[in-house]
Amino acid sequence: MTNTEIRPFRIDIPQADLDDLRSRVARTRWIDDLPGVGWERGVPTAYLKELAGYWAEKFDWRAAEAELNAYPQFTTIVSGQNVHFLHVRSARAEATPLLLLHGWPSSVADFRDMIGPLTDPAAHGAPDAPAFHLVIPSLPGHGFSGPLTEPGWNDGRIAAALAELMARLGYGRYGVQGGDHGAFIAPALGRIDAEHVLGVHVNALVTFPTGDPADMAALTEAEKARLGAMKKFQDDGSAYMNLKGSRPNTIAQLLADSPTGQLGWIVEKYREWTDRSHDLPEQAVDLDRLLTTVSIYWFTDTARSVANLYYERFHDATMFAPKPKGTVPTGVAVFKDGDYAIRRFAEHTHNITHWSEFYSGGHFPALEVPELLIGDVREFFRSLG
């Protein structure tokens, strides 16, 4: 066996782990809510208690496991770290290799509704649409890639590892699509592997004001509202990120020991970051899909590694340092809620060739509005010829 070997993988969570989850949920020490308090102080106890009960007693992990195991999965060692990935090839010889990158709190399971339409468009009502060979990794330290074994896994190192993965799979030219963490890593891939990356498509791209008064003066009302929403997030919604970025082990220990804590920590983001026309997370995202991702993070014991990515990012001096403008064609999809990207800011650092804005969906479009994300990915990569 060599470190470059690609090994078949199948998810098989031991029954003892499922039993342990149920036992831990049953022994949760619940907090009391103050009277008259809703979601503004975090997840309401009554809601979380009901959701935890469903997770422990009614959610069918084995069904979710079987659905994921229907796709070819593999692991390989890259830069000393285990990397898990789905590899679903299209039957069409001219298909474009495409790397799909999740973020947090997301996983490879997010992309299930996209796999069929992207690999076999004809079977999904779009015979003239481009086809793709899909590589869908669990980011190093996330999910079935398993806990990290050493520090230093920042966005740049992850991007380099994924470039190596695509080379190992024999893909000389490939595209990348990513959201959340993926929206940082995909452009990084375009910079470090520009010779092989034909295009980068992102959602949930983070853009910051350039400092140019002309840019600020030219903002539309919609862009001003988006900038205001980003400021509100920074002021009132980013505590999770600051905690992970400064004291990752502390929060990781809490999440690693309490499935109910892990559930609340994640479901809060699905409530805050999905399309705000919905009152509850399960109205925006299928509940069992949401719980699949929570289960993946719980069963793989990756709370520490997930938190440490934020620490690496916060302590990476090159992360937000000025960089030359990227050269790889870049497409951006902006969804109604949970996206703050502004084109005139993005164009200072990315070679924007495609920009779409949608009036539904939020931070998790692969789960909320997969048909819109699929359509935009097709349109962007078709434009590259």
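Residues numbered from 1 in each chain as written. Predicted model: local features only at pLDDT ≥ 70, side-chain atom pairs only at ≥ 80, totals over all residues. Heavy atoms only, no water.

A.B. asks: Summarise the side chain of Arg 112; cite the residues concerned and give the values.
C.D. replies: With respect to the secondary-structure elements, Arg 112 resides in helix 4 (residues 112–119). A polar contact of 3.1 Å, which involves the side chain of Arg 112, links it to the side chain of Glu 67. When sequence neighbours within four positions are dropped, the list of residues in contact with Arg 112 reads Ala 64, Glu 67, Leu 68, Tyr 71, Arg 289 and Thr 292. (Helix = DSSP H or I, 4+ residues; strand = E, 2+ residues; numbered from the N terminus. Polar contact = N/O pair within 3.5 Å; in protein donor to acceptor, adjacent residues only side chain to side chain. Contact = heavy atoms within 4.5 Å.)

A.B. asks: Explain empty space enclosed by the protein to me, and be specific about the residues and the numbers.
C.D. replies: Following the criterion strictly, the structure yields four cavities of 30 Å³ or more and no others. Taken as a whole, the largest cavity spans an internal volume of roughly 140 Å³. Surrounding the largest cavity, 16 residues form its lining, Ser 106, Asp 110, Phe 111, Gly 179 and Asn 203 being those nearest its centre. For the lining of the largest cavity, the leading source of residues is strand 6 (residues 174–179), giving three residues. Here the lining of the largest cavity is built from residues that sort into six nonpolar, eight polar and two charged. (1 Å grid on protein atoms, 1.4 Å probe; cavity = no way out; pocket = protein on both sides within 12 Å on 5 of 7 lines; lining within 4 Å. Points joined across faces, edges and corners; volume = space filled by probe spheres on them. Nonpolar A, V, L, I, M, F, W, Y, C, P; charged D, E, K, R; others polar.)

A.B. asks: Help me get a handle on the UniProt feature "domain: Epoxide hydrolase N-terminal" (unreviewed entry) in the protein chain, residues and values and all.
C.D. replies: Under the present numbering, the feature "domain: Epoxide hydrolase N-terminal" (unreviewed entry) in UniProt falls on residues 6–111. Its end C-alpha atoms 22 Å apart, residues 6–111 is made of 32% helix and 21% strand. (UniProt positions renumbered as here; feature names shortened; annotations may be inferred.)

A.B. asks: Help me get a handle on the environment of Thr 318, residues and values and all.
C.D. replies: Relative to the helices and strands, Thr 318 is located in the loop between helix 14 (303–314) and strand 8 (329–334). Expressed as a C-alpha distance, the spacing of Thr 318 and Gly 156, which sit 162 residues apart in the sequence, is 9.3 Å. Here the side chain of Thr 318 touches Asp 316 through a polar contact of 2.7 Å, side chain to side chain.

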